[in-house]
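Structural features, examined
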Amino acid sequence: MEVVIVPDKKAGGELIAEAIAQLLRRKPAALLGVATGSTPLPVYQALAAKVRSGAVDVGRVRIAQLDEYVGLPADHPESYRSVLRREVLEPLGIGMDQFTGPDGTAADVQGACEAYDEALVDAGGVDLQLLGIGTDGHIGFNEPCSSLASRTRIKTLTEQTRVDNARFFDGDIDQVPHHVITQGIGTILEARHLVLLATGENKADAVAASVEGPVAAVCPASALQLHPHATVVVDEPAASKLKLADYFRHTYANKPEWQGI
């Protein structure tokens with residue numbers, strides 16, 4: 001696992017956007033896994049700027065979704081499909097024909113989960129998966145004590161998560177679905193490159209546990225330690241609990257530029 005400490009979230013977004021741009025120059029039809037939430041927005045904004053300037057072509061890129069609410073219509077403004085359309089696809093000029101995600105409205109939810117795993121395999125696998133991290137160390141909707149071998153599946157949201165997400169539903173928790181489909185940790189680990197972005201002091205404990213703690217289901221993001229190409233990009237506040245922060249700064253500062261992240 002490589003840890004890159006950046007000054008702020010804007011710098012983190014630009015660093016990851018450049019890594020994505022380099023991937024697309026090598027492999028224009030790459031499958032890019034994306035996440036929702038406020039943390040990855042600087043990545044999408046920096047990548048959109050590159051598209052507008054002509055620095056990268058996204059005409060053939062494919063986009064894969066990390067998770068989705070169960071029972072929420074795809075055209076609901078707060079379905080993750082709609083959120084990604086607003087925050088990723090439209091700013092980048094990418095059509096829905098280049099997008100794939102799980103069917104949260106399927107009558108057979110388990111079948112939809114299995115079908116999505118198969119679809120990712122049939123698409124050649126995810127080339128780069130962008131991840132955020134929860135304050136409890138979760139990735140996707142894989143909450144603490146999720147199996148490290150888990151596949152795409154249905155998960156029940158905690159009450160706290162529903163309370164937190166109520167702000168997107170007019171403050172009404174009754175509108176927040178109880179269940180989601182999420183890529184499992186085992187599914188996530190199959191991506192060729194995992195890039196986790198964490199910003200803010202409230203993520204510092206989770207980052208330290210993920211990077212320097214033991215690999216354990218109680219901290220799902222610690223599973224990234226098992227991956228052959230995992231990059232953790234953190235701003236200074238999120239890095240504040242890392243015991244090896246100086247070492248991580250030193251190794252990145254002395255890394256050959258051609259290696260990228």
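Note that the structure is a prediction, hence the values are computed from the model and not measured.

Overall, the coordinates contain 1 cavity of 30 Å³ or more when judged by the stated rule. Empty space within the largest cavity amounts to approximately 40 Å³. With 3 residues, the top contributor of residues to the lining of the largest cavity is helix α7 (residues 204–212). Broken down by class, the residue content of the lining of the largest cavity amounts to 8 nonpolar, 1 polar and no charged.

Attention shifts here to a negative patch on the surface. A cluster of like negative charges, contributed by Asp 108, Glu 114, Glu 118 and Asp 122, occupies part of the molecular surface. Note that Glu 114 resides in helix α4 (residues 109–122). With relative accessibility at 43%, the residue Glu 114 sits in the partly exposed group.

One way to put it is that helix α2 (residues 41–53) packs onto helix α3 (residues 80–92) with a least axis distance of 9 Å and a crossing angle of 10°. By the angle class used here, α2 and α3 are roughly parallel. Contact residues: α2 offers Leu 41, Tyr 44, Leu 47, Ala 48 and Val 51, while α3 offers Glu 87, Val 88, Pro 91 and Leu 92. Here the residues of the contact of α2 with α3 sort into 8 nonpolar, no polar and 1 charged.

Under the UniProt annotation, the feature "site: Part of the allosteric site" (unreviewed entry) is placed at Ser 146, Arg 153, Lys 155 and Thr 156. Among the residues examined, Ser 146 registers a relative accessible area of 2% and is labelled buried. Ignoring any residue separated from it by four or fewer positions in sequence, one finds Ser 146 in contact with Arg 153, Lys 155, Ile 185 and Ala 217. In this structure the side chain of Ser 146 is engaged in a polar contact, spanning 2.7 Å, whose partner is the backbone oxygen of Glu 143. Looking at where Thr 156 falls in the secondary structure, it is placed in strand β7 (residues 153–156).

Attention now goes to α4. Across its 14 residues, α4 extends 20 Å between first and last C-alpha, which sits within 8% of the 20 Å expected from 1.5 Å per residue. For α4, the set of buried residues is Val 109, Ala 112, Cys 113, Tyr 116, Asp 117 and Leu 120. Projection of α4 onto a plane perpendicular to its axis shows the buried side chains occupying an angular sector of 140°, all on one side. Set apart from the buried face of α4 by more than 90 degrees, the exposed residues are Glu 118, Val 121 and Asp 122. Where α4 is buried, its residues meet β2 (31–34), β3 (62–65), β5 (99–100), β7, β8 (179–182) and α6 (185–188). Where α4 ends, the next residue or the one after it, Gly 124, has phi of about 95°, a positive value.

Conventions and cut-offs
Per-chain numbering applies: the sequence of each chain, read as written, is numbered from 1 onward. Residues qualify for local features only when their pLDDT is at least 70, as the model is predicted, and side-chain atom pairs are given and counted only at 80 or more; totals for whole chains, interfaces and linings, by contrast, use all residues. Processing note: side-chain calculations cover all non-hydrogen atoms of the structure and skip hydrogens and water entirely. Space inside and on the surface of the protein is sampled on a 1 Å grid over the protein atoms alone, with a cavity defined as a set of points where a 1.4 Å probe fits but cannot get out and a pocket as an open set with protein on both sides within 12 Å along at least 5 of 7 lines; lining residues have an atom within 4 Å of a point. Grid points are joined across faces, edges and corners, and a volume is the space filled by probe spheres set on the points. To qualify as a helix, a DSSP run of H or I must reach at least 4 residues; to qualify as a strand, a run of E must reach at least 2; elements of each kind are numbered from the N terminus. In the scheme used here, Gly and all other residues not listed as nonpolar or charged are polar, with Ala, Val, Leu, Ile, Met, Phe, Trp, Tyr, Cys and Pro taken as nonpolar and Asp, Glu, Lys and Arg as charged. Residues with no salt bridge and a relative accessible area higher than 30% make up the patches, which join like charges within 9 Å and nonpolar side chains (Val, Leu, Ile, Met, Phe, Trp, Tyr) within 5 Å. Computed by Shrake-Rupley with a 1.4 Å probe, the accessible areas treat only the displayed protein chains as cover when residues are assessed. Between Lys or Arg on one side and Asp or Glu on the other, a salt bridge is scored when a side-chain nitrogen of the former is within 4 Å of a carboxyl oxygen of the latter. The charge count treats Lys and Arg as positive and Asp and Glu as negative. His and the chain ends do not count. A charge is said to be at NZ when it belongs to Lys, at CZ for Arg, at CG for Asp and at CD for Glu. When a residue's accessible area, from a 1.4 Å probe over protein chains only, is under 20% of the maximum for its type it is buried; when over 50% it is exposed; and in between it is partly exposed. For helices, the axis comes from a line fit to the C-alpha atoms of the stretch in contact; other axes are also lines fit to C-alpha atoms, and the angle between any two N-to-C directions lies between 0 and 180 degrees. Each angle gets one of four labels, with under 35 degrees taken as roughly parallel, over 145 as roughly antiparallel, 65 to 115 as roughly perpendicular, and the rest as oblique. Pairs of residues are marked as contacts when any of their non-hydrogen atoms sit within 4.5 Å. UniProt positions are given in the numbering used here, feature names are shortened, and annotations may be inferred rather than shown by experiment. For the purposes of these results, a polar contact is taken to be a pair of N or O atoms within 3.5 Å, where, inside protein, one atom must be able to donate a hydrogen and its partner to accept one; residues adjacent in sequence count only when each atom of the pair is a side-chain atom. One less than the residue count of a helix, multiplied by 1.5 Å, gives the span that helix is expected to have. Each C-beta atom gives one direction from the helix axis, and the arc is the one those directions make.

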